[in-house]
Amino acid sequence: DELFKKYELPINCKFLTPPRINPEVEANLNTLHSTRDQTHSQYQFRLSKALAALGISLNVILEEEENIPRASKDRILSSIADSGRLLCSLFNDISLKRRQLILPLMNKHIKTLVEQIPPGDFLFGPDLGDKIQAIKTMEKVGKEIRVPQPLYNRYQQNSVAFQKKKGGGAEKSHTATSGQLNRRRPTYRKREVRSQRGRLSMPQKSSIHQKYR
């Protein structure tokens, strides 16, 4: 805590303040989502303190630049600038992650709206309530402008859709049944032909009649 108090955020650097969650959104968050968002906000608060500390170091170097060799000064300034860019990038990524975790709780129309608004003082941009109300008004006007579909056309479309569904189901059922019947059909076995070899030949009818005459 003492370390955080040591570095105050500059007045002209409002972007270092973690974005506040919009009241309209916060009212619909449960305890889990609210606690998770506060945790991410604390991460951003610590990053802002680190950036404030870098800013003080930068000011000292610029004030004492006459006493610092030019080559050393350039290397120090380059390193401080890179550190600041990395921390700012992480700060922005956390803001986007906070939004990403809350967006699934919104309906489709509001989600499409807030995705186009970058975070600022508020996580989902300013005047979110007015923008949501504008969307509802547009939807209501759109329903009034839309021409209602005749009842006959709706019945005809439903009938055609039903016939297509029925025909596809019958064809599928017939194919499946045919396949099952072919699979269960008994296997045809070739009839065995007994060999005639070795069997006694029967006497001719004419010879028998001649014997008993």
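Located above this text is the structure these notes cover.
Throughout, residues of each chain are indexed from 1 in the direction in which the sequence is written. Only residues with pLDDT of at least 70 are given local features in this predicted model, and only at 80 or more are side-chain atom pairs given and counted; all residues enter the totals for whole chains, interfaces and linings. Side-chain numbers here rest on the full set of heavy atoms in the structure, without hydrogens or water.

Draft legend 1. Region of interest: the pattern of salt bridges. A pairing counts as a salt bridge when a side-chain nitrogen of Lys or Arg comes within 4 Å of a carboxyl oxygen of Asp or Glu. On inspection of all chains with the given rule, the structure shows three salt bridges. Between R98 and D37 there is a salt bridge, with the nearest N and O atoms lying 2.9 Å from each other. One end of the pair, R98, is in helix α4 (residues 70–102); the other, D37, is in helix α3 (residues 31–63), and 61 residues separate them in sequence. The residues R98 and D37 share a single accessibility class, namely buried. A salt bridge links E65 to K73; the shortest N-O distance between them is 3.4 Å. We classify E65 as partly exposed; its relative accessible area is 35%. Only DSSP runs of H or I covering at least 4 residues are called helices, and only runs of E covering at least 2 are called strands; the numbering of each starts at the N terminus. Each residue is placed in one exposure class: buried if its accessible area under a 1.4 Å probe, protein chains only, is under 20% of its type's maximum, exposed if it is over 50%, and partly exposed if it falls in between.

Draft legend 2. Here's a closer look at unusual backbone geometry. One non-glycine residue, D127, lies in positive phi territory at about 55°. Among the secondary structure elements, D127 is positioned in the loop between α5 (108–115) and α6 (128–145). Note on D127: relative accessible area 53%, which makes it exposed.

Draft legend 3. Main features of the layout of surface pockets. Its boundaries defined by the atoms lining it, the largest pocket holds a volume of some 300 Å³. What the second largest pocket holds in volume is close to 200 Å³. The distinction between a cavity and a pocket rests on a 1 Å grid over the protein atoms alone: a 1.4 Å probe fits inside a cavity but cannot get out, while a pocket stays open yet meets protein on both sides within 12 Å along at least five of seven lines, and a residue with an atom within 4 Å of a point counts as lining. Together, K14, F15, T17, P18, P19, R20, F91, N92, S95, P119, G120 and D121 line the second largest pocket. Residue polarity is assigned by list, with Asp, Glu, Lys and Arg as charged and Ala, Val, Leu, Ile, Met, Phe, Trp, Tyr, Cys and Pro as nonpolar; anything else, Gly included, falls into the polar class. Classifying every residue of the lining of the second largest pocket by side-chain character gives five nonpolar, four polar and three charged. Grid points are joined across faces, edges and corners, and a volume is the space filled by probe spheres set on the points.

Draft legend 4. Highlighting α5. All buried positions along α5 are accounted for by I110, L113 and V114. Projection of α5 onto a plane perpendicular to its axis shows the buried side chains occupying an angular sector of 90°, all on one side. It only takes one pair of heavy atoms within 4.5 Å for two residues to be counted as in contact. Where α5 is buried, its residues touch α4 and α6. Polar contact is defined as a pair of N or O atoms within 3.5 Å, subject to the rule that within protein one atom must be able to donate a hydrogen and the other to accept it, and that residues adjacent in sequence are counted only when both atoms are side-chain atoms. Sitting at the head of α5, N107 places a side-chain oxygen 3.2 Å from the backbone nitrogen of H109. Throughout, the arc means that of the directions going from the helix axis to the C-beta atoms.

Draft legend 5. Spotlight on the nonpolar core. Core analysis: the biggest nonpolar cluster contains 12 residues, these being I21, V25, L29, I102, L103, M106, I110, V114, L123, F124, L128 and I132. Listing elements by their share of this core, those giving two or more residues are α5 and α6. Contact partners of I132, with chain neighbours within four places excluded, come to I110 and L113. Definition of nonpolar core: a set of buried residues of the types Ala, Val, Leu, Ile, Met, Phe, Trp, Tyr and Cys, connected through side-chain atoms within 4.5 Å.

Draft legend 6. Looking closely at the side chain of K49. Take K49: it is sitting in helix α3. For the purpose of charge, His is not counted, nor are the chain termini; Lys and Arg are scored as positive and Asp and Glu as negative. For the buried K49, no salt bridge exists, and the shortest N-O distance to an oppositely charged side chain is 4.3 Å, to E8. When neighbours within four sequence positions are excluded, K49 is seen to be in contact with F4, Y7, E8 and L9.

Draft legend 7. Representation of empty space enclosed by the protein within the structure. A full pass over the atoms with the stated rule returns one cavity of 30 Å³ or more. When its volume is computed, the largest cavity comes out at roughly 40 Å³. In terms of lining residues, the largest cavity is bounded by H33, R36, D37, H40, R98, L101 and I102. For the lining of the largest cavity, the secondary structure elements donating two or more residues are α3 and α4. Take the lining of the largest cavity: its biggest share by element is four residues, from α3. Residue composition of the lining of the largest cavity, by class: two nonpolar, two polar and three charged.

The quantities given are spatial measurements derived from coordinates; they are silent on function.
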